[in-house]
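# Coordinates in review
Spelled out from the first residue to the last, the chains are:
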Amino acid sequence: EMAHLLRNLASQVGRATPMVSSAMRTPMHSAMRATAMRSMALGPASGGQVSDEMLAKLKKLSTQAIIDGLWVMGWPTSFIEGARALGKGQKCAGRAVTLRFVPQRPDIAADKPPGGESPEYEAFEKCGEGEVLVMASVGPWESVGGDIKFLRLKQRSVGGLVTDGSVRDTDELLNYGFPVFSYSTTPKQGPAAMQPWECNGVIECGGVVVRPGDAVVGDQDGVVVVPAKAVDKVYSIAHGREQIEEIVKEELMKNPGPPGKFYPFMSGKIKVDSPLGKLLATKGITPENSNQFEGSADW
């Protein structure tokens, strides 16, 4: 909707330009035209949406399997460095709602919409059970918020909070019950170092690009971002890998020995006549029903 409005603005300003003489053209008019035209060069923030059904499937997978699925497809790393679970057993899977912070500066603080109109509260209101709020901090030890702010996320039944910064009021956040993944905890005040600036734009968090609507999955090993446009294929590969790993583990428990006979393996490269290929055949997994074999890769 925003892109549509900006294109309309550019069109209206462009049509108006011939009617405005050089003498009448003001710096304000020129700035409006430049801003409107520049905005048209931006791509869409969101790359798509992930269904609730797919989120439920992703939540059953490990982050290791998901990142392996992205890797074999040739996607860049998707692991948000530094985002660790605040509590034991926490896991999340949801669509990304993004929030970008910028370093503190007097004019930034003055220009940021005040109170309830702040970008961070705009982001909060977009969150629900199927969403994960991803907050891009300006530094790992800077606070993105604490108990009073995040009470609203509890009220919204947010699916999770992820940041490459830190959180405060740890005990209270744990009591709130929703999953939190952060670099660390801190007693510091966030506004002294940074200000929330943009809701639902493309951000970089922990070395990873996150677009609104991407799938964000977190567990005790960390947080992985799955591009919305690739989520179906990533799930297919990751789910297939987990099935095979369970079979390999079961075999090694029955017949103890070095795992090198079966593991590691490359998705899309398993040979039918290899020890692993033969083991999988006994479980009904073949190139006819799996994309993990040589010649059966569909990505």
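These remarks concern the structure in this document. (Residues numbered from 1 in each chain as written. Predicted model: local features only at pLDDT ≥ 70, side-chain atom pairs only at ≥ 80, totals over all residues. Heavy atoms only, no water.)

### What about the environment of Tyr176?
- Tracing the backbone shows Tyr176 in helix α8 (residues 170–176).
- The spacing of Tyr176 and Leu153 is 23 residues in sequence and 8.9 Å in space, taken between C-alpha atoms.
- In this structure Tyr176 touches Asp147, Ile148, Phe150, Leu151 and Lys154, once residues within four positions along its chain are discounted. (Helix = DSSP H or I, 4+ residues; strand = E, 2+ residues; numbered from the N terminus. Contact = heavy atoms within 4.5 Å.)

### Notes on the nonpolar core
- Counting residues in each nonpolar core, the largest one holds 21 residues, and the members touching the most others are Leu133, Met135, Phe150, Leu153 and Phe178.
- Elements supplying a minimum of two residues to this core: β2 (92–103), α6 (119–125), β3 (131–136), α7 (147–155), α8 and β8 (194–199).
- A per-element tally of this core places β2 first, with three residues.
- If sequence neighbours within four positions are ignored, Met135 has contacts with Leu99, Phe101, Val144, Phe150, Leu161, Val162, Thr163, Asp164 and Cys205.
- Leu55, Ile66, Leu70 and Tyr235 belong to the second largest nonpolar core, which has 19 residues in total. (Core = buried A, V, L, I, M, F, W, Y, C linked by side-chain atoms within 4.5 Å. Buried < 20%, exposed > 50% of the residue type's maximum accessible area, 1.4 Å probe, protein only.)

### Regarding the side chain of Ser62
- You can see Ser62 is positioned in the loop between α3 (52–59) and α4 (63–72).
- On the basis of relative accessible area, Ser62 is assigned to the buried category, the value being 18%.
- Here the side chain of Ser62 touches Ala65 through a polar contact of 3.1 Å, landing on its backbone nitrogen.
- One polar contact links Ser62 to Glu242, side chain to side chain, over a distance of 2.7 Å.
- Leaving out residues up to four positions away in the same chain, Ser62 has contacts with Lys91, Asp219 and Glu242. (Polar contact = N/O pair within 3.5 Å; in protein donor to acceptor, adjacent residues only side chain to side chain.)

### A short note on the pattern of salt bridges
- Taken as a whole, this structure holds 13 salt bridges when the rule is applied.
- In this structure, Arg95 engages Glu131 in a salt bridge whose closest nitrogen and oxygen atoms are separated by 3.3 Å. In this pair, Arg95 is assigned in strand β2 and Glu131 in strand β3, connecting sequence segments 36 residues apart.
- Classification of Arg95 as buried rests on a relative accessible area of 12%.
- Overall, the relative accessible area of 16% leaves Glu131 in the buried class.
- Where salt bridges share partners, they join Asp52, Arg95 and Glu131 into one cluster. (Salt bridge = Lys/Arg side-chain N within 4 Å of Asp/Glu carboxyl O.)

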